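Each chain is listed here by its residues.
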Amino acid sequence: TQLLEQSPQFLSIQEGENLTVYCNSSSVFSSLQWYRQEPGEGPVLLVTVVTGGEVKKLKRLTFQFGDARKDSSLHITAAQPGDTGLYLCAGSQAGGYNKLIFGAGTRLAVHP
Amino acid sequence: DTEVTQTPKHLVMGMTNKKSLKCEQHMGHRAMYWYKQKAKKPPELMFVYSYEKLSINESVPSRFSPECPNSSLLNLHLHALQPEDSALYLCASSRDDRGGYAEAFFGQGTRLTVV
């Protein structure tokens, strides 16, 4: 059973388009992290959200944590080819002994 | 400095070999992790160390043996692996935060091929 459902699994868009990736769960998380991973490399931490309703911006990327801390979204404005990669959400729960629970990932391809 | 360093970057080993993967961090983190990632899949947790003690073993076969010699180093000893163990092995570290607020930082990974 996947505790964190991530959608869509694949996204192929043209440069300049906007997109949103979703990460949903029936469980509450203390925090949720978003990572971007390129082939053959380790995931790179983009942002951590901890407060229900929180919105964080990182240049053209906007991250939101749901009010109930069960879901999160990543919105990219005016996507560029450099945004291509695997986007992973990962949640952490209190009493989880530092265990991160990963979503299945969204593979994004941005074409020039 | 948010760097986690893994060596080697690539490793090819035979099924009868013994090898070790190494991981180092100097962020003062007291939780360290090993993850395994197969192609087109998310990372799967293998082991968690907290204050140099093994706190989670996700039912990993004994041919994988973790070791945490000190708070900055984490090793993964490999012996008698199978071809299906070929994967990207990722090390990560974070604060030890049982409240679930710690951010995990990953190394670049070791691409392991078992022949």
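Residues numbered from 1 in each chain as written. Chains lettered and ligands numbered in written order. Predicted model: local features only at pLDDT ≥ 70, side-chain atom pairs only at ≥ 80, totals over all residues. Heavy atoms only, no water.

With respect to the helices, strands and loops of the structure, aspartate 83 of chain A is situated in the loop between β8 (71–76) and β9 (85–92). If we skip the residues at most four places from it in the chain, aspartate 83 of chain A touches Arg36, Arg60, Ile76, Leu108 and Val110 of chain A. (Helix = DSSP H or I, 4+ residues; strand = E, 2+ residues; numbered from the N terminus. Contact = heavy atoms within 4.5 Å.)

With that settled, consider the interface of chain A and chain B. The interface is formed by 27 residues belonging to chain A together with 30 residues belonging to chain B. Contact between chain A and chain B buries roughly 2100 Å² in total, counting both sides, with carbon and sulfur atoms accounting for 51%. Here chain A is connected to chain B by two salt bridges. Residues glutamate 58 of chain B and lysine 99 of chain A are paired through a salt bridge, measuring 2.9 Å at the closest nitrogen-oxygen approach. Elements represented by at least two residues in the side of chain A that touches chain B include exactly β4 (31–37), β5 (44–49), β9 and β10 (100–102) of chain A. Examining the composition of the side of chain A that touches chain B, we find that four residues originate from one element, β4 of chain A, more than from any other. Across the side of chain A that touches chain B, the residue classes tally to eleven nonpolar, 13 polar and three charged. (Buried area = accessible area lost by both parts, 1.4 Å probe. Salt bridge = Lys/Arg side-chain N within 4 Å of Asp/Glu carboxyl O. Nonpolar A, V, L, I, M, F, W, Y, C, P; charged D, E, K, R; others polar.)

With that settled, the discussion passes to the environment of phenylalanine 64 of chain B. Residues and elements named next belong to chain B. Examined against the element boundaries, phenylalanine 64 turns out to sit in strand β7 (residues 64–70). With a relative accessible area of 6%, phenylalanine 64 lands in the buried category. The spatial distance from the C-alpha of phenylalanine 64 to the C-alpha of glycine 109 is 16 Å, given a sequence separation of 45 residues. In this structure phenylalanine 64 touches Met46, Phe47, Leu76, His77, Leu78, Leu81, Asp85 and Tyr89, once residues within four positions along its chain are discounted. (Buried < 20%, exposed > 50% of the residue type's maximum accessible area, 1.4 Å probe, protein only.)

Turning our attention to the sheet that holds strand β3 (residues 18–25) of chain B. Residue and element names in this part refer to chain B. The four strands lie next to each other as β1-β3-β8-β7, forming an open sheet whose pairing is antiparallel. On the outer flanks of this sheet lie β1 (4–7) and β7, each paired with one strand and no other. Adjacent strand axes in the sheet meet at a mean angle of 20° when their direction is disregarded. Strand direction decides the pairing type here: β3 and strand β8 (residues 73–79), joined by seven bridges, are antiparallel. In the sheet register, lysine 19 faces β8, and the bridge partner there is leucine 78. (Pairing = 2+ DSSP bridges. Axes fitted to C-alpha atoms, helices over the stretch in contact; angles between N-to-C directions.)

As enumerated under the stated definition, the model contains two disulfides over all chains in all. Across the disulfide from cysteine 23 of chain A sits cysteine 89 of chain A; the S-S distance is 1.9 Å. Residues cysteine 23 of chain A and cysteine 89 of chain A are joined through a disulfide that is right-handed, its torsion about the S-S bond being 70°. Linking cysteine 23 of chain A in strand β3 (residues 19–24) with cysteine 89 of chain A in strand β9, this pair joins segments that are 66 residues apart in sequence. We note that cysteine 68 of chain B lacks a disulfide partner, and the nearest cysteine sulfur, in cysteine 91 of chain B, lies 9.2 Å from it. Overall, cysteine 68 of chain B belongs to the buried group, its relative accessible area being 12%. (Disulfide = S-S within 2.5 Å.)

Summed over the entire model, instances satisfying the criterion amount to seven salt bridges over all chains. The residue glutamate 38 of chain A makes a salt bridge to arginine 36 of chain A at a minimum N-O spacing of 3.3 Å. Relative accessible area serves as the criterion here: at 40%, glutamate 38 of chain A is assigned to the partly exposed category. We note a salt bridge from arginine 30 of chain B to glutamate 52 of chain B, for which the minimum N-O separation is 2.7 Å.

The next subject is empty space enclosed by the protein. On inspection of all chains with the given rule, the structure shows two cavities of 30 Å³ or more. Estimated volume of the largest cavity: approximately 50 Å³. Forming the boundary of the largest cavity are Gln33, Ser92, Asn98 and Leu100 of chain A together with Tyr33, Ser94, Asp97, Ala102 and Ala104 of chain B. Split into classes, the residues belonging to the lining of the largest cavity amount to four nonpolar, four polar and one charged. Volume-wise, the second largest cavity comes out at about 30 Å³. Looking at the second largest cavity, the residues that line it are Arg30, Ala31, Met32, Tyr49, Tyr51, Glu52, Cys68, Asn70 and Ser71 of chain B. Classifying every residue of the lining of the second largest cavity by side-chain character gives five nonpolar, two polar and two charged. (1 Å grid on protein atoms, 1.4 Å probe; cavity = no way out; pocket = protein on both sides within 12 Å on 5 of 7 lines; lining within 4 Å. Points joined across faces, edges and corners; volume = space filled by probe spheres on them.)

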